[in-house]
Structures are given as structure tokens and as C-alpha cells.
Amino acid sequence: MFAKTAKRQHPGELLFSSIVNLLALVATGSRKSVNDAYKAKKNQFSVSVASVYNKLNGVETEVSAR
């Protein structure tokens, strides 16, 4: 979905699916925030929490609408 829809963004080191997984933890109430979810799964990431928030801030409307 991401590869078909994204125009400006690129997968890079932090995949969109990783962001979706973090957001799912927050949406289901398993974690209270994105930061909390990141801390719980930190060993699965090779990027900083700042990179996670940068990715979230840069998600294109067309991608998030799908």
C-alpha cells in the first residue's frame, strides 16, 4: 500500500509498517503513547524515537487515508 501511494516519502531505514505497528499498540490501549510503544519495542528499531516522530509527521495524506 505504501509503495503504491507514497509520492514524496521513501521507505528508508524506518518502514511505514513499523510505524503502523507502534500506532496499533497505542490504538488498542496496550501502550499509552507512541513514545511508550517505541520504548517497549526499542530493540526492534535501528533508528531514534525522533526518527519515528519525523516519519509520523511526514506521512502523506494519501497514505494515511488508505
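Residues numbered from 1 in each chain as written. Predicted model: local features only at pLDDT ≥ 70, side-chain atom pairs only at ≥ 80, totals over all residues. Heavy atoms only, no water.

**Considerations on the overall build of the protein chain**
Check the secondary structure of the protein chain and you find 5 helices and 0 strands. Taken from N to C terminus, the helices and strands of the protein chain fall in the order α-α-α-α-α. Put simply, the protein chain has 66 residues, and 27% of those count as buried. Accessible area for the protein chain stands at about 4,600 Å²; split by element, carbon and sulfur atoms hold 50% of it. (Helix = DSSP H or I, 4+ residues; strand = E, 2+ residues; numbered from the N terminus. Buried < 20%, exposed > 50% of the residue type's maximum accessible area, 1.4 Å probe, protein only. Areas by Shrake-Rupley, 256 points an atom, 1.4 Å probe, with all protein chains shown as cover.)

**Overview of the confidence of the model for the protein chain**
The predicted coordinates of low-pLDDT regions are not to be read in fine detail. The pLDDT averaged across the protein chain works out to 81; a share of 73% of its residues lies at or above 70. Taken element by element, the predicted model of the protein chain shows its lowest mean pLDDT in helix H1 (residues 2-5) (51) and its highest in helix H3 (residues 34-40) (97). (pLDDT = per-residue confidence, 0-100.)

**Topic: the environment of Val34**
Structurally, Val34 is set in helix H3. In contact with Val34, other than residues within four places in its own chain, are Leu23, Val26, Val52, Tyr53 and Leu56. (Contact = heavy atoms within 4.5 Å.)

**Some words on the pattern of salt bridges**
Two side chains of opposite charge can pair, provided their charged atoms sit close to one another. On inspection of all chains with the given rule, the structure shows 1 salt bridge. Measuring nitrogen to oxygen at the nearest pair gives 3.8 Å for the salt bridge that ties Arg31 to Asp36. (Salt bridge = Lys/Arg side-chain N within 4 Å of Asp/Glu carboxyl O.)

**Some remarks on the packing of helix H2 (residues 16-27) against helix H4 (residues 49-57)**
As a packed pair, H2 and H4 sit with axes 11 Å apart at the nearest point and diverge in direction by 95°. It follows that H2 is roughly perpendicular to H4 by the angle criterion. Residues Phe16, Ile19, Leu22 and Leu23 of H2 pack against Val52, Lys55 and Leu56 of H4. Looking at the contact of H2 with H4 residue by residue, the class counts come to 6 nonpolar, no polar and 1 charged. (Axes fitted to C-alpha atoms, helices over the stretch in contact; angles between N-to-C directions. Parallel < 35°, antiparallel > 145°, perpendicular 65-115°, else oblique. Nonpolar A, V, L, I, M, F, W, Y, C, P; charged D, E, K, R; others polar.)

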